[in-house]
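# Coordinate analysis (summary)
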Amino acid sequence: MSRAALPGFRDFYPQEFAERAYVMDAWREVTRRYGFVEYDGPPLEPLELYTAKSGEEIVGQLYVFEDKGGRKVALRPEMTPTFARMVGAKLNALRKPVRWFSTPQLFRYERQQKGRLREHFQLNVDIVGEADVAADAELLACAIDVMREVGLTSKDVRARVSDRRLIGALLSHFEIADKDQPLVYAVLDKLDREPRDVLEKRLTDAGIAFHTVGSLFEAVASRDLDELRSRLGGMRALDGHFETLGRYFELLEALGVRDWVQLDLSVVRGLAYYTGIVFELFDNEGEFRAICGGGRYDDLLATLGGTAAPALGFGMGDVVLGELLRSRKLMPALEPAVDFWVACDDDALLPDVMSVAAKLRGSGRSVEYSLKGQQLSRQMKAAASAGAGQVVILLRDQWSGGSGTVTVKTLADGTERVVRSDVLLNFPMQDNG
RNA sequence: GUGGCUGUAGCUCAAUUGGUUAGAGCACCGGUCUGUGGCACCGGGGGUUGCGGGUUCAAUUCCCGUCAGCCACCCCA
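Each chain carries its own residue numbering, running from 1 in the direction its sequence is written. Just so you know, chain letters begin at A and ligand numbers begin at 1, following the order they were written in. Where totals are concerned, whole chains, interfaces and linings use all residues; where local detail is concerned, this predicted model gives features only for residues with pLDDT of at least 70, and gives and counts side-chain atom pairs only at 80 or more. As a convention, hydrogens and water are excluded, and side-chain values are obtained from all of the structure's heavy atoms.

Moving on to the environment of isoleucine 58. Runs of H or I in DSSP of at least four residues are treated as helices and runs of E of at least two as strands, each being numbered from the N terminus. Along the polypeptide, isoleucine 58 turns up in the loop between helix H2 (48–54) and strand S3 (64–66). Placed 17 residues apart in sequence, isoleucine 58 and glycine 41 show a C-alpha to C-alpha distance of 20 Å. Excluding its chain neighbours within four sequence positions, the residues that come into contact with isoleucine 58 are Tyr50, Thr51 and Arg108. Note on contacts: a residue pair is in contact if any heavy atoms of the two residues lie within 4.5 Å.

Categorising residues by exposure relies on relative accessible area from a 1.4 Å probe, with only protein chains included: less than 20% of the type maximum marks a residue as buried, more than 50% marks it as exposed, and the intermediate range marks it as partly exposed. Turning to helix H9 (residues 225–232), its buried residues number three or more, namely Leu225, Leu228 and Leu232. For H9, the buried positions fall inside an angular range of 65 degrees around the axis, keeping them on one side. Turned more than 90 degrees away from the buried face of H9, the exposed residues are Asp226 and Ser230. Where H9 is buried, its residues touch helix H5 (164–173), helix H8 (210–220), helix H10 (239–254) and strand S9 (261–263). As used here, the arc is the angular range of directions from the helix axis to the C-beta atoms.

On to the pairing of strand S11 (residues 292–296). The buried count for S11 comes to 5 of 5 residues, which makes it a mostly enclosed element. For strand S10 (residues 277–283) and S11, the ladder comprises 4 bridges, and the chain directions are antiparallel. Pairing of leucine 281 across the sheet is with cysteine 292, part of S11. The pairing of S11 with strand S12 (residues 311–317) spans 5 bridges and is classified as antiparallel. For arginine 296, the partnering residue across the bridge sits in S12 and is leucine 312. For two strands to pair, DSSP has to find at least two bridges joining them.

Turning next to the packing of aromatic side chains. Working definition: a ring pair exists when centres of Phe, Tyr or Trp rings (six-membered ring for Trp) sit within 6.5 Å. Plane angles under 30 degrees give stacked, over 60 give edge-to-face, the rest tilted. Following the criterion strictly, the structure yields 11 aromatic pairs and no others. Seen in terms of ring centroids, tyrosine 39 and tryptophan 100 are 5.2 Å apart; in terms of plane orientation they differ by 40 degrees. Their pairing is tilted. Here tyrosine 39, found in the loop between strand S1 (37–38) and strand S2 (44–46), pairs with tryptophan 100, found in strand S5 (residues 98–102); they are 61 residues apart in sequence, far enough to count as distant. Judged by its relative accessible area of 8%, tyrosine 39 falls in the buried class.

In this section: the sheet that holds strand S4 (residues 72–75). The strand order across the open sheet built from 3 strands is S2-S4-S3, with neighbouring strands paired in antiparallel fashion. At either end of the open sheet lies a strand with only one pairing partner, and these are S2 and S3. The sheet shows a mean angle of 35 degrees between the axes of neighbouring strands, direction not considered. Looking at chain direction, S3 and S4 are connected through 3 bridges and run antiparallel. What counts as an axis is a line fitted to C-alpha atoms, over the stretch in contact for a helix, and the angles between N-to-C directions run from 0 to 180 degrees.

This part takes up the state of the cysteines. The definition used for a disulfide is geometric: two cysteine sulfur atoms within 2.5 Å. For the structure on display, the rule yields 0 disulfides. Distance from the sulfur of cysteine 142, which forms no disulfide, to the nearest cysteine sulfur (cysteine 292) is 9.0 Å. Classification of cysteine 142 by relative accessible area gives buried; the value is 0%.

What follows concerns the side chain of glutamate 323. Tracing the chain through its elements places glutamate 323 in helix H12 (residues 318–327). Although glutamate 323 is buried, it makes no salt bridge; lysine 114 carries the closest opposite charge, 5.6 Å away. Among the polar contacts made by the side chain of glutamate 323, one reaches the main-chain amide nitrogen of glycine 115 at a distance of 3.0 Å. Residues contacting glutamate 323, with those up to four places away along its chain left out, are Lys114, Gly115 and Phe288. Note on charges: Lys and Arg go in the positive column, Asp and Glu in the negative column, and His and the chain ends are not counted at all. For salt bridges, the criterion is a side-chain nitrogen of Lys or Arg within 4 Å of an Asp or Glu carboxyl oxygen. Here a polar contact means two N or O atoms within 3.5 Å. Within protein one must be a hydrogen donor candidate and the other an acceptor candidate, and residues neighboring in sequence count only if both atoms are side-chain atoms.

Here you go:
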């Protein structure tokens, strides 16, 4: 019998749990500022919910089994289908635009590696019912503000944005057949990981003219809109897309996040359902996988739920973000802390210690004490390592069965006060030192 | 799913060309400092050297398998 967690699953010891809570608190805090409200769905769903969207091949990557009622079910690998179902069912009744977020634990049966486990928590933020590019700007700004919330700056993280419609228009202009588009996207995705000549050959082998490949690569190398415009300025079919992206960047400027964002047409989100602006957040060192990815998926609700509505959203996992924060020394360490430690210099006073502890707890303070008789110096050590703000010391010569006094010591500065035991409860709490 | 690298206490690491009861620091628990902490000193618990085979008089050390982790690929969240 193995004592380890299953591969790709994590035991959250207090330190790890504190880290997870830190990240998830940041998620909730930022989404709250943007007016998003939280929802959740079942962790177990009918298998068809996922095969309908992604086909049968996805089954190999899911935790699937048959329940006792003979239903084929799967642990949720992503939140979007659940979200689409929930929103779709009540779309007419919901105030638009819908702004919801969730922090589900998701599961995927795949070989684990850095930044990628078989289970993770993922912030999902979605907007439904607004086609204007302002919604796209709002969404990206929210993702970026999460970065800020955990102490990252535009020097640490960059948002790379592309536009599916622009790429589509570009490929049409280059007269690249629809059947070749998946190949083109695959090549774009590998642009900074594989040698250019190898990628060029893949496209020319597929029958795309060499000069077309050259023009495509040149266009995609653009890192801002003006550059792209000057390279493709002659193409009237692209004007509308330039205009949209131009407004997008303007609005990102207005939201105060423009310096985090860079045009990058090589961003290819794997999911086939994106229809407009897409983005990914990466660490600037290129050390980790994408921290976050999202974009506009205007057709998905119609595909899944039947009701058409413009929509967009992003997902941000806790694994890569956690790795990045730890490597940048931005992940807070767990500091034990209690308001009071109650100690005594006589084992016979243990019931009195417990009684004092109970009263302090009754007034809302966090209190610990030695559960067995220990010499006072041990108790003081224990108090210090528990991060106690103050130690209440019952000395047998002062205590007088509760009618006397106690000594209250503030550990941070070593100061002591002797107080009547009956006024102890009025003590203000001190910062834990 | 494919390939490569790695695997000794909770953590970081030791262990002479394979050689006898596998060590240290930190952490944890306790003792002294004659009863108020963070120091110092002393002591203790904790390892079937990932697991299973093989070679050998002898394996932590060499070989094979397996499991796990890391990295790359595939794919994506």
